[in-house]
Amino acid sequence: MALTAGIVGLPNVGKSTLFNAITNSQVPAENYPFATINPNVGVVEVPDERMDHLVEIFHPKKVIYTTFEFTDIAGLVKGASKGEGLGNQFLANIRQTDAIIHVVRCFDDPNIEHVEGSVDPIRDIEEINVELCLADLETVENRISKVARKAQTKEKGAAEEYEALKKFKAALEAGTPIRLLELSDSDQDYLKNYSLLTAKPVIYVANLSEDDVADPSGCAYYGLVKDYAAKENSECIAICARMEEELSGMSKDEKKEFLAELGVPASGLDQIITAAYHLLGLRTFFTVGEPENRAWAFHEGMKAPQCAGLIHTDFEKGFIKAEVYSYEDIITYGSEAALKEHGKLRIEGKDYVMQDGDIVFFRFNV
């Protein structure tokens, strides 16, 4: 389930430094089979403390966490929507992503030049938003010219699509991203065909100095970004990209100790990974045992046979049943034998909707 978030930002905001931290944290190739990873794609493990506890119970020979992809998008400059700089590459790359990680500079440093000559996070955010809106507006206007003719001939569905496109056009002309609109189910269906950039969900990442990251509330720049994100109902995460790059070279224990000394509960990168994972409606089920403990990502709302198919297509084709128990129950009772004694092991059929934290053994026959 290769969903990916694109990392965007103006030049010199810390985007590349953050991506360096991601690539340094990249999972070993043997844990990410069946894919060739491009140089601008980083694959990272999704942190999950539940797996650590499951390892203590089952003592597996191998542990595989679920993964998430990040794509480093070419830097944007003003005029990208018209092809300025690497604009066309920027826009083409971001269309292929499922979510946007928007890195915003929130630190002063005379040694690192800002493309606009000064640090102003809101100006920087809106500069990118304007370029994305202009690119989307061109897409929508091209589509309107085609649909308008179909609507005049009363082709089925054309009038409804034309009305949806007019709604999108009005918003984009006003500089309003499509993701902020209240959309009907039919509007959402049309959107799937257009790959509009401003329809993608966004996480704002405020890149702070090392001095500010331990207490972001003291950074005025961060406060501006946080308030901006809140108005959009988006998440805002404070990081220090330079520190994340240093952390990526540490062992798990060293990283934990370093963060504890700073009074920071989790690294910024871990927060971004977790936030992006959940933003896209991804949840986790586990398969466990002595050979291997493995976490599997699935879309919220998927049923048991679909989830079985994530392991192998034969599992879905020949699905018989799923033997399921919850993570909470295995922690409470300590073993599968105790779970069975207390009636906590369930047999679920084809209509069962998988839940986050389910531990499952699929029965199938082909």
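**Q** Pulling in residues and values, what's your account of the overall build of the protein?
**A** The secondary structure content of the protein amounts to 15 helices and 12 strands. Compactness check: the protein gives a C-alpha radius of gyration of 23 Å against a globular reference of 21 Å for 366 residues, within 12% of the reference. Referenced to the eigenvectors of the C-alpha coordinate spread, the extents of the protein come out at roughly 65 × 60 × 35 Å. Split into buried and exposed, the 366 residues of the protein put 47% on the buried side. Long-range contacts, defined here as pairs at least 24 residues apart, represent 69% of the contacts in the protein between residues at least 6 apart. Carbon and sulfur atoms make up 47% of the accessible area of the protein, which totals about 18,300 Å². Seen as two clouds, the 37 positive and the 60 negative side-chain charges of the protein have centres 9 Å apart.

**Q** Kindly report on the packing of helix α4 (residues 121-152) against helix α5 (residues 158-173), identifying the contributing residues and their values.
**A** Interaxial distance between α4 and α5 falls to 9 Å at its minimum, and their mutual angle equals 155°. Here α5 runs roughly antiparallel to α4, going by the angle between their axes. α4 and α5 meet at a crossing whose hand is left-handed. Residues C133, D136, L137, V140, E141, R143, I144, V147, A148, K150 and A151 of α4 touch α5, and the partners they reach there are A158, A159, E161, Y162, L165, K166, F168, K169, L172 and E173. The class makeup of the residues in the contact of α4 with α5 is 13 nonpolar, no polar and eight charged.

**Q** Hey, could you go over the layout of surface pockets for me, with residue numbers and the actual values?
**A** Rolled over the atoms, a probe sized like a water molecule indicates the empty space that remains. Approximately 1,000 Å³ is the volume attributed to the largest pocket. What lines the largest pocket is a set of 38 residues, among which P47, D48, K252, K255 and D270 lie closest to the centre. At the level of elements, β2 (41-45), α2 (49-58), α9 (241-247), α10 (252-262), α11 (268-279) and β8 (282-287) are the ones that each hand at least two residues to the lining of the largest pocket. A total of seven residues in the lining of the largest pocket trace back to one element, the largest contributor, which is α11. Of the residues in the lining of the largest pocket, the class split is 16 nonpolar, 10 polar and 12 charged.

**Q** Provide a residue-level description of α11, including the pertinent values.
**A** Taking 1.5 Å of rise per residue, 12 residues should cover 16 Å, and α11 covers 16 Å from first to last C-alpha, within 8% of that figure. Buried residues of α11: G268, L269, I272, I273, A275, A276 and Y277, and no others. One or two residues past the end of α11 sits G281, with phi positive at roughly 75°.

**Q** Now, about the side chain of D329: what can you tell me, with residues and values included?
**A** Among the secondary structure elements, D329 is positioned in helix α14 (residues 327-333). Put simply, D329 is tucked away with no salt bridge, and the nearest opposite charge, on K344, sits 4.8 Å away. With residues near it in sequence (within four places) discarded, D329 still touches G334, L339 and K344.

**Q** So, unusual backbone geometry: which residues are in play, and what are the values?
**A** One non-glycine residue with positive phi stands out, namely H59, at about 50°. You can see H59 is positioned in the loop between α2 and β3 (62-64). Among the residues examined, H59 registers a relative accessible area of 58% and is labelled exposed.

**Q** How would you summarise the nonpolar core if you had to cite specific residues and measurements?
**A** In terms of nonpolar packing, the biggest core is built from 53 residues, with F68, F70 and I101 touching the most fellow members. Take this core: its biggest share by element is six residues, from α11. When neighbours within four sequence positions are excluded, F68 is seen to be in contact with L3, T4, A5, G42, V43, V44, V46, A276, Y277, L280 and L282.

**Q** Just give me the short version of the environment of K150, but keep the residues and values in it.
**A** When you line up the elements, K150 lands in helix α4. As a C-alpha pair, K150 and D351 span 201 residues in sequence and 41 Å in three-dimensional space. Excluding anything up to four places from it in sequence, K150 contacts R143, E155 and A158.

**Q** Which residues make up helix α1 (residues 15-24), and what values go with them?
**A** Within α1, burial applies to K15, L18, F19, A21 and I22. Buried residues along α1 cover an arc of 150° about the axis, so they all sit on one side.

**Q** An account of the environment of V55 is needed here, citing residue identities and associated values.
**A** Along the polypeptide, V55 turns up in helix α2. It is 18 Å that separates the C-alpha atoms of V55 and K256, two residues lying 201 residues apart in sequence.

**Q** Explain the packing of α4 against helix α8 (residues 220-231) residue by residue, including any values.
**A** With their axes 9 Å apart at the nearest point, α4 and α8 run at an angle of 40° to one another. As far as their axial angle goes, α8 and α4 are oblique. Of α8, the residues touching α4 (which contributes P121, I122, I125, E126 and N129) are Y221, L224, V225 and Y228. Its residues placed into classes, the contact of α4 with α8 shows seven nonpolar, one polar and one charged.

Reading the values: rules and limits
- Residues numbered from 1 in each chain as written.
- Predicted model: local features only at pLDDT ≥ 70, side-chain atom pairs only at ≥ 80, totals over all residues.
- Heavy atoms only, no water.
- Helix = DSSP H or I, 4+ residues; strand = E, 2+ residues; numbered from the N terminus.
- Rg over C-alpha atoms; globule rule 2.2 N^0.38 Å.
- Buried < 20%, exposed > 50% of the residue type's maximum accessible area, 1.4 Å probe, protein only.
- Contact = heavy atoms within 4.5 Å.
- Areas by Shrake-Rupley, 256 points an atom, 1.4 Å probe, with all protein chains shown as cover.
- Lys, Arg positive; Asp, Glu negative; His and termini not counted.
- Charge placed at Lys NZ, Arg CZ, Asp CG, Glu CD.
- Axes fitted to C-alpha atoms, helices over the stretch in contact; angles between N-to-C directions.
- Parallel < 35°, antiparallel > 145°, perpendicular 65-115°, else oblique.
- Left-handed = near helix turned anticlockwise from the far one by under 90°.
- Nonpolar A, V, L, I, M, F, W, Y, C, P; charged D, E, K, R; others polar.
- 1 Å grid on protein atoms, 1.4 Å probe; cavity = no way out; pocket = protein on both sides within 12 Å on 5 of 7 lines; lining within 4 Å.
- Points joined across faces, edges and corners; volume = space filled by probe spheres on them.
- Expected span 1.5 Å × (residues − 1).
- Salt bridge = Lys/Arg side-chain N within 4 Å of Asp/Glu carboxyl O.
- Core = buried A, V, L, I, M, F, W, Y, C linked by side-chain atoms within 4.5 Å.
- Arc of directions from axis to C-beta.

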